[in-house]
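Chain by chain, the residues run as shown.
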Amino acid sequence: MSPNKTIGWLASVRRHFGIVVMVAALAAGIGLLVTANGTPDADAKPINPYVPCPQWQEMHPGWPCWGNFPEIEEPTAPTPLQPSLPSAPPSAPPAQPPAGALTPPSARPAPDPCTAIIAVPGYRPPALPGQPANAPCSSGEEPRRVPSPRELLEPYIRPACGLAPLGSDVVHEIVTEIVGPLEAELGSEDPLVARVTERANFHNKECLGNKNQIKEKVWEEVRNDWYKKYRDRNMKRDRKKKWCSVTDTSKDCEGLVAVCLPSPRSKRLPATLSPVQLRNLKEQRDKYIDAANDLTYANPGSPLTRKKLTEADEILVDRARERKRNSDRATYYPPKVDTDVYPSGTIHAGHLPDTTWSGNPDPLPKFWLPMDGSLNSSIGSQAEKYPENYKARAFVPGEWIAGVGCVPQVDPRVLRAVPPTIAPY
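This is a predicted model, so every value here is computed, not measured. (Residues numbered from 1 in each chain as written. Predicted model: local features only at pLDDT ≥ 70, side-chain atom pairs only at ≥ 80, totals over all residues. Heavy atoms only, no water.)

(A) Looking closely at the overall build of the chain. Check the secondary structure of the chain and you find 14 helices and eight strands. Classification of the 425 residues of the chain by burial places 33% in the buried group. Here the chain displays about 26500 Å² of accessible surface, and carbon together with sulfur accounts for 58% of that area. (Helix = DSSP H or I, 4+ residues; strand = E, 2+ residues; numbered from the N terminus. Buried < 20%, exposed > 50% of the residue type's maximum accessible area, 1.4 Å probe, protein only. Areas by Shrake-Rupley, 256 points an atom, 1.4 Å probe, with all protein chains shown as cover.)

(B) A look at the pattern of salt bridges. All told, the structure shown has 17 salt bridges when counted by the stated rule. Between Glu177 and Lys215 there is a salt bridge whose closest N-O contact spans 2.6 Å. In this pair, Glu177 is assigned in helix α6 (residues 168–179) and Lys215 in helix α9 (residues 211–236), connecting sequence segments 38 residues apart. Residue Lys215 is classed as buried on the basis of its relative accessible area of 14%. We note a salt bridge from Glu254 to Arg233, for which the minimum N-O separation is 3.4 Å. (Salt bridge = Lys/Arg side-chain N within 4 Å of Asp/Glu carboxyl O.)

(C) Fine view of the packing of α6 against helix α8 (residues 191–205). The N-to-C vectors of α6 and α8 enclose an angle of 140°; their axes lie 9 Å apart at closest approach. Put simply, α6 runs oblique to α8. Judged by the twist between their axes, the crossing of α6 over α8 is right-handed. Across from Val171, Ile174, Val175, Ile178 and Val179 in α6, the residues of α8 making contact are Val193, Val196, Thr197, Ala200, Asn201 and Asn204. Residue classes in the contact of α6 with α8 are distributed as eight nonpolar, three polar and no charged. (Axes fitted to C-alpha atoms, helices over the stretch in contact; angles between N-to-C directions. Parallel < 35°, antiparallel > 145°, perpendicular 65-115°, else oblique. Left-handed = near helix turned anticlockwise from the far one by under 90°. Contact = heavy atoms within 4.5 Å. Nonpolar A, V, L, I, M, F, W, Y, C, P; charged D, E, K, R; others polar.)

(D) Here's a closer look at α6. Taking 1.5 Å of rise per residue, the twelve residues of α6 would be expected to cover 16 Å, and the 17 Å separating its terminal C-alpha atoms lies within 8% of that figure. Among the residues of α6, Val171, Ile174, Val175, Glu177, Ile178 and Val179 are the ones counted as buried. Backbone geometry just after α6 places Gly180 at a positive phi near 60°. (Expected span 1.5 Å × (residues − 1).)

(E) Quick look at the state of the cysteines. Scanning the entire structure with this criterion turns up three disulfides. Disulfide pairing places Cys244 opposite Cys253 at an S-S distance of 2.0 Å. The S-S bond linking Cys244 to Cys253 shows a torsion near -80°; that makes this disulfide left-handed. Assessed through its relative accessible area of 0%, Cys253 is described here as buried. Covalently, Cys260 is tied to Cys406 through a disulfide, its sulfur atoms 1.9 Å apart. With the S-S dihedral at roughly 95°, the linkage between Cys260 and Cys406 falls on the right-handed side. One end of the pair, Cys260, is in the loop between β3 (254–259) and α10 (275–298); the other, Cys406, is in strand β8 (residues 405–408), with 146 residues separating them in the sequence. The pair Cys260 / Cys406 is uniform in exposure class, with both members buried. (Disulfide = S-S within 2.5 Å.)

(F) Fine view of unusual backbone geometry. In the segment running from Leu352 into Pro353, the intervening peptide bond is cis, with an omega of -10°. Looking at where Pro353 falls in the secondary structure, it is placed in the loop between β5 (347–351) and α13 (355–358). Residues other than glycine seldom take positive phi values, yet Asn389 does so here, at roughly 75°. Within the fold, Asn389 resides in the loop between α14 (373–383) and β7 (391–401). The class for Asn389 is buried, based on a relative accessible area of 17%.

(G) Quick look at the side chain of Asn293. Structurally, Asn293 is set in helix α10. For Asn293, the contacting residues outside a window of four places in its chain are Ala394 and Phe395.

(H) Geometry of α9. With 26 residues, α9 ought to run about 38 Å at 1.5 Å a step, yet its terminal C-alpha atoms sit only 33 Å apart, falling short of that. Its axis deflected by about 65° at Val222, α9 carries its strongest bend there. Of the positions making up α9, those classed as buried are Ile214, Lys215, Val218, Trp219, Val222, Arg223, Trp226, Tyr227, Tyr230, Arg231, Arg233 and Asn234. Where α9 is buried, its residues touch α6, α7 (182–186), α8, β3, β7 and β8. (Bend = angle between axes of the 7 residues up to and from the residue.)

(I) Spotlight on the nonpolar core. Residues Val257, Tyr288, Leu352, Trp357, Met371 and Phe395 are the most contacted members of the largest nonpolar core, which totals 25 residues. When residues in this core are grouped by element, the largest group, five residues, is from α10. Not counting residues within four places of it along the chain, the set of residues in contact with Tyr288 comprises Val259, His351, Leu352, Pro353, Asp354, Trp357, Met371 and Ile379. Residues Val196, Tyr227, Leu256 and Leu415 belong to the second largest nonpolar core, which totals 23 residues. (Core = buried A, V, L, I, M, F, W, Y, C linked by side-chain atoms within 4.5 Å.)

(J) Highlighting the packing of aromatic side chains. Under the counting rule described, the total for this entry stands at five aromatic pairs. Residues Trp357 and Tyr386 carry aromatic rings whose centres are separated by 5.9 Å and whose planes lie at 65° to one another, so their mutual orientation is edge-to-face. With a gap of 29 residues between them, Trp357 in helix α13 and Tyr386 in the loop between α14 and β7 connect regions that are remote in the sequence. Taken together, the aromatic side chains of Trp357, Tyr386, Tyr390 and Phe395 make up a single cluster linked through ring pairs. Over the ring of Tyr390 we find Arg237; its NZ or CZ atom is 5.9 Å from the centre of that ring. Between Arg329 and the ring centre of Tyr333, over which it is positioned, the NZ or CZ distance is 4.4 Å. (Phe/Tyr/Trp six-rings, centres within 6.5 Å; stacked < 30°, edge-to-face > 60°. Lys NZ or Arg CZ within 6 Å of the ring centre and 35° of its normal.)

(K) Molecular detail of the environment of Leu364. As for its placement among the helices and strands, Leu364 is situated in the loop between α13 and β6 (368–372). For Leu364, a relative accessible area of 54% corresponds to the exposed category. Along the backbone, Leu364 and Leu352 are twelve residues apart, and their C-alpha atoms lie at a distance of 9.8 Å.

Read these as spatial facts, not as claims about activity.
Okay, structure coming up:
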């Protein structure tokens, strides 16, 4: 065997087992089965059957030629190396031209013929030969925008609020509708005005309702303070004032209207009223107040104003009252008057409210009430204590204060809703 083949075989053996393992095993004489005179054992095998022992020992002095190494695979003759043929380099994909070079520009939409002329709604511009007919020109209205999915879901997420909280202008309307002229009269720094503004902004920020719902929430929170403010205005008004301009909303010309029972000094009533008599008088008085407020609330911004009745107006009132009594004589002319219901012993056909407030001498049947004569006369006299063109924000139960007259009573719970705004003319 040529030295080159031997070297190649040893190289393969060294790569397989490692030169260090082989040298250590041979040095220790592990697994060697050879006699002292060099005769191999019967189980021994040549280490390299392709190289004669003398040549092997000449190549590897001191190394044995035979041994028994079960872990060593049977060596094979080295395979002559075959020259590798040069392979062709991989072919690169052909270069592509720039995308922009082959992509035509996007087609621009055809100009709208209706925008090129001053189009008359319904005019149909002529089309070019071979092109579809043009649609008629519209009236200039923009197409309706399709709402987004969020906009469609929003009313179900916050139905009371709608698509968004109220704008600042609407919030200011809530404030002015509650405080009325107090904002202009006292300024935004007034404790009541400032609190109404703060609560309206809070409920709006939390999106707790629409305009009317938020206004009612704020009203429940500020009603007592509101009532105290307006009660104080009524008590301080100029009671000698006889006339107001239609645009005057000061304390002398706009506010609450107190409705009292007959004065304790009245000579038409018993000196001492029984609880039943007192209760019946209050029920009649409260029906008057409710009817007056129904008219006041019916036209927000158009308040009931104190009118000065002419002689002709007074005649119409008296005639209407007489017709009402004659149409129900059993009620107004009973054989005996029930003094528990009518303590004065007389029954009047009472207007709800007086014509001096409603302007209607002969209203619908629901605005009439059989009323104690003393109470009806007292309420009519109380109305005359307000100046002409006085604007009623609300009618409330009243009480008599010596030296002042009939003023709104202390209890504010009589107001169940926000009194309508009295807007200047």
